[in-house]
Amino acid sequence: MILGIDASNIRGGGGITHLSALLRNAQPERFGFERVIIWGGRNTLESLDGKPWLKIVHEPWLDKNILYRSFWQKFILPRRIRNSGASVVFFPGGLIRIAKGPWITMSQNLLPFEPGEIKRYPMGLGRLRLMLLRGQQLAAFRKSRGTIFLSNYARDVVTALMPDFRIRSKIIPHGLERRFFASAARPQRDYNRTTAIKLCYVSFIGEYKHQWNLIRAVRQLRLKGWALELDLVGNPVDPGAIAKVRQAMSEDPGATDYVRIISDVRHRDIHEVYQSADVFVFLSSCETFGQILIEGMAAGVPVLCSRLSSLPEIGQSAVAYTDPLSVGAIASDLEKLLLDKDLRVELSKAAIARAAEFSWETTANLTFEFFQSISGDEYER
């Protein structure tokens, strides 16, 4: 069999991380695939490792804007599939603009399917884009023969909008690179209100990330005497969210002394950020899976996490939870964590153990097993 992969709308971030790790750990021959052909833009393809069974095809149209990429997928991709002899095609970006076929798609973005989260964005092009994306992805799921979801929560949210959903689906979480793992649980010390404590939150600054609530919670605790420092590590993305962060910081003239916004950390170095923190905080209210959460857990750092969306499914009992929408709850739950050394020791050990359950090798095997099942081939391993 031959597997095709349409990477036309995999442009960066988690999409490239997933695709490159998937192919790096794949053993397609085990599942009856003699060749894998991937079509994509230059930046996407440069992130891939060469493999004897992998044919990398650069499509210049996919280096251009969305109109060119959409035209390529709708009118050029069908010819590429026919000429390649692909028996099944994977669309990891979740959009399919061609007729039904032996396609497999993937749900990696939950935001368009959460009406309450969409409302966090002001009326305008941003909100309209999310609503259009929801319609496009639902149409893609209906055109496919199989859909991969990253969590049970994400599958339940999406399929609730598709009462007629009869397509085969499978839950396949992402994996985690070994570089994120601490060799042992982080030793914990007794904290008092004069101890310098470094908090870290890794994520882009966005409407559903709630960094401004953490800034205000940290300020509350500092007013009680806690010597907290906060690193917000990630690119500023949403103008509305950036304004909220600035507003929160403006409420304390001294905020720049204890809050740092760091936007220039390369992904290959991000594991060092987790390992330098005393406590990792993650307050997202909308996550398909929570890749950042398991990265922080792997570092063996005690984690204070949002109790919303898919995060409790991923973190289970290995993290402490809070309400990301309540400044008071964040401050209270963070202080409880700081005061309880035994809890931090327990969470540090549990976090590493839970994160170890996620590996890219397992992800690759489950994914290609699903590809094989959709292809209808009776290949015996």
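Small disclaimer: the values here were computed from a predicted structure and weren't measured.

Topic: the overall build of the protein
- Of regular secondary structure, the protein possesses 14 helices and 13 strands.
- Here the C-alpha radius of gyration of the protein, 22 Å, is about what a compact globule of 381 residues would show, namely 21 Å.
- For the protein, the proportion of its 381 residues judged to be buried stands at 54%.
- Restricting to contacts in the protein with at least 6 residues of sequence separation, those with at least 24 account for 69%.
- Accessible area of the protein: about 16,500 Å², with a carbon and sulfur share of 51%.

Some words on helix H12 (residues 327–339)
- Compared with an ideal rise of 1.5 Å per residue, which puts 13 residues at 18 Å, H12 spans 18 Å between its outermost C-alpha atoms and is within 8% of the ideal.
- When we look at burial in H12, the residues that qualify are Val-327, Ile-330, Ala-331, Asp-333, Leu-334, Glu-335, Leu-337 and Leu-338.

A closer look at the confidence of the model for the protein
- Looking at the protein, pLDDT values average 93 and 98% of them are 70 or higher.
- Long-range and interchain partners of residues 377–381, a stretch whose pLDDT sits below 50, account for 11 contacts in this model, where long-range means more than four residues apart.

Topic: the sheet that holds strand E1 (residues 2–7)
- Across the sheet, seven strands lie side by side as E3-E2-E1-E4-E5-E6-E7; this open sheet has parallel pairing. Every interior strand has two partners, whereas the edge strands, strand E3 (54–58) and strand E7 (168–171), have only one. Averaged over all adjacent pairs, the angle separating strand axes in this sheet is 20°, with direction ignored.
- Note that strand E5 (residues 103–107) and strand E6 (residues 146–149) share four bridges and pair parallel. Bridge pairing links Ile-104 to Gly-146 in E6.
- Relative to strand E2 (residues 35–40), helix H3 (residues 66–84) is tilted by about 160°, and along the sheet it contacts E1, E2, strand E4 (88–91) and E5.

What counts as what
Residues numbered from 1 in each chain as written. Predicted model: local features only at pLDDT ≥ 70, side-chain atom pairs only at ≥ 80, totals over all residues. Heavy atoms only, no water. Helix = DSSP H or I, 4+ residues; strand = E, 2+ residues; numbered from the N terminus. Rg over C-alpha atoms; globule rule 2.2 N^0.38 Å. Buried < 20%, exposed > 50% of the residue type's maximum accessible area, 1.4 Å probe, protein only. Contact = heavy atoms within 4.5 Å. Areas by Shrake-Rupley, 256 points an atom, 1.4 Å probe, with all protein chains shown as cover. Expected span 1.5 Å × (residues − 1). pLDDT = per-residue confidence, 0-100. Pairing = 2+ DSSP bridges. Axes fitted to C-alpha atoms, helices over the stretch in contact; angles between N-to-C directions.

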